[in-house]
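Coordinate analysis (summary)
If you want the building blocks of each chain, they are given just below.
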Amino acid sequence: MSSNPIGIIDSGVGGLTVVKEMMRQLPHESIIYLGDTARCPYGPRSSEEIRKFTWEMTRFLEQYQIKMLIIACNTATAVALDEIRQSLPIPVLGVIHPGARAAIKVSKTNRIGVIGTQMTINSKAYEFALKKIRRRVTVHGLACPKLVPLVESGEWTGKLAEKVVAESIEPLKGTNIDTLILGCTHYPLLQPVIESYFEGKIKIISSGEETAREASVILDHTSMLNGSTDGPHHAFFTTGSKTMFKNIAQQWLELEEIHVETANLTSLTT
Ligand code: DGL
């Protein structure tokens, strides 16, 4: 069982930022990634739809005897983490609690900002997670719907990125936050631009990085780290264009060649 793969799901390519961290922190683990690129973005969808899609992705990866499931998508975590965790016999991690815990650890003023999709911010999932750890924390949530399309179009550096980031996060200026959680899979790619917008004065938390750390602790404590010398073997599935997925994945993961297959989710029910 310890040599079984870790399943990672996301609404699209964004969760590859979590995969990158997993590969860095846990280089011996095999990963099966599924990105629902055909139905991305999840951010503006209804919670019922997001719940259904997240279950379909979960059922798909269950076929591969995964030993752990990571819901890399903040939006899907906000909507479906609790019920999926209750139903599966393996550890199920979302990205929200690890990000919230890391922010509480570094914030000195207890004034924390969160940026994410409309659904993630509307759900107040980060606010609940932060307040559960420290009741007297002040949370400033801000939906930044323009940032996902910006990253998906490959524009995560340069003048356009600086302009769109500045316009999007401008409402956080004057809130006196000392820590900002990047509550969306795509935002770590914009981290240098966001950091320079705040002139390096606030701490930035990438939920994906913290989730990989938590996955590593859980696998270690449950003696589930891959001890086999064979591997790792990674597999990538997408519901959309294989070519597009492959191009982005190879670029983001800085890998020369990855194999991508098509996943058909509509035949799977909750
Ligand atoms: N993966 C989503 C998230 O982290 C961003 C893209 C989307 O809206 O589906 O919230």
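The coordinates are above.
Since the structure is predicted, the reported quantities are computational estimates derived from the model, not experimental observations. (Residues numbered from 1 in each chain as written. Predicted model: local features only at pLDDT ≥ 70, side-chain atom pairs only at ≥ 80, totals over all residues. Heavy atoms only, no water.)

Digging into the overall build of the chain
A tally of regular secondary structure across the chain gives 11 helices and 10 strands. Relative to its length of 270 residues, the chain is compact, with a C-alpha radius of gyration of 18 Å against a globular reference of 18 Å. Projected onto its principal axes, the C-alpha coordinates of the chain cover approximately 50 × 40 × 35 Å. Sorting the 270 residues of the chain into buried and exposed places 54% on the buried side. Restricting to contacts in the chain with at least 6 residues of sequence separation, those with at least 24 account for 76%. Carbon and sulfur atoms form 50% of the exposed surface of the chain, whose accessible area is close to 12,300 Å². (Helix = DSSP H or I, 4+ residues; strand = E, 2+ residues; numbered from the N terminus. Rg over C-alpha atoms; globule rule 2.2 N^0.38 Å. Buried < 20%, exposed > 50% of the residue type's maximum accessible area, 1.4 Å probe, protein only. Contact = heavy atoms within 4.5 Å. Areas by Shrake-Rupley, 256 points an atom, 1.4 Å probe, with all protein chains shown as cover.)

Let's talk about the sheet that holds strand E5 (residues 111-116)
Strand order in the open sheet made by the 4 strands is E6-E5-E7-E8, with parallel pairing throughout. Because the sheet does not close on itself, it has two edges, and the strands there are strand E6 (138-143) and strand E8 (203-206). Across the sheet, the mean angle separating the axes of adjacent strands is 20 degrees when strand polarity is ignored. As judged from the 6 bridges shared by E5 and E6, these two strands associate in the parallel manner. Across the sheet, the residue bridging to Ile-115 is Leu-142, located in E6. Sheet strands touched by helix H6 (residues 125-133): E5, E6 and strand E7 (179-182). Its angle to E5, the strand with the most contacts, is close to 150 degrees. (Pairing = 2+ DSSP bridges. Axes fitted to C-alpha atoms, helices over the stretch in contact; angles between N-to-C directions.)

Focus on the site of the ligand
Taken together, the neighbourhood of the ligand is formed by 14 residues, with Ser-11, Tyr-42, Gly-43, Thr-75 and Thr-185 sitting nearest. Asp-10 places a polar side-chain atom, nitrogen or oxygen, 3.0 Å from a nitrogen atom of the ligand. One of the backbone N or O atoms of Gly-43 is found 2.8 Å from an oxygen atom in the ligand. When isolated, the ligand has an accessible area of 300 Å², and the protein chains bury 99% of it. For the shell around the ligand, the residue count by class is 6 nonpolar, 7 polar and 1 charged. (Near = heavy atom within 4 Å. Polar contact = N/O pair within 3.5 Å; in protein donor to acceptor, adjacent residues only side chain to side chain. Nonpolar A, V, L, I, M, F, W, Y, C, P; charged D, E, K, R; others polar.)

A short note on the nonpolar core
In this structure, Leu-16, Met-22, Ile-115, Ile-169, Leu-180, Ile-194 and Phe-236 are the most contacted members of the largest nonpolar core, which totals 54 residues. If we skip the residues at most four places from it in the chain, Ile-194 touches Ile-115, Val-165, Ile-169, Leu-180, Leu-182, Tyr-187 and Ile-204. Among the nonpolar cores identified, the runner-up in size contains 25 residues, and Ile-9, Ile-71, Leu-88 and Val-92 belong to it. (Core = buried A, V, L, I, M, F, W, Y, C linked by side-chain atoms within 4.5 Å.)

Description of the packing of aromatic side chains
Within the structure shown, the criterion is met by 9 aromatic pairs. A connected cluster of aromatic rings, assembled from ring pairs, spans Tyr-33, Phe-236 and Phe-245. Lying across the ring of Tyr-197, Lys-173 places its NZ or CZ 4.7 Å from the centre. (Phe/Tyr/Trp six-rings, centres within 6.5 Å; stacked < 30°, edge-to-face > 60°. Lys NZ or Arg CZ within 6 Å of the ring centre and 35° of its normal.)

Re H6
By the burial criterion, the buried members of H6 are Ala-125, Tyr-126, Ala-129 and Leu-130. Down the axis of H6, the buried set is contained in an arc of 130 degrees. They therefore lie on one face. Facing away from the buried side of H6 by over 90 degrees, the exposed positions are Phe-128 and Lys-132. (Arc of directions from axis to C-beta.)

Thoughts on the packing of helix H1 (residues 16-25) against helix H10 (residues 207-221)
Packing of H1 against H10 leaves a shortest axis separation of 8 Å and a crossing angle of 40 degrees. Classified by the interaxial angle, the pair formed by H1 and H10 is oblique. The crossing of H1 and H10 is right-handed. Residues Val-18, Glu-21, Met-22 and Gln-25 of H1 touch H10, and the partners they reach there are Gly-208, Glu-209, Ala-212, Arg-213 and Ala-215. (Parallel < 35°, antiparallel > 145°, perpendicular 65-115°, else oblique. Left-handed = near helix turned anticlockwise from the far one by under 90°.)

Observations regarding the sheet that holds strand E2 (residues 31-35)
Reading across from one edge, E4-E3-E1-E2-E9-E10 is the order of the 6 strands in this open sheet, with parallel pairing throughout. In this open sheet, the two strands that pair with only one neighbour each are strand E4 (92-93) and strand E10 (260-262). Across 3 bridges, the pairing between strand E9 (residues 235-238) and E10 is parallel. Looking across to E10, one finds that Phe-237 is bridged to Glu-261. Of the strands in this sheet, strand E1 (6-10), strand E3 (68-71) and E4 touch H10, which is tilted by about 165 degrees from E3.

No statement about biological role is implied by the geometric values presented.
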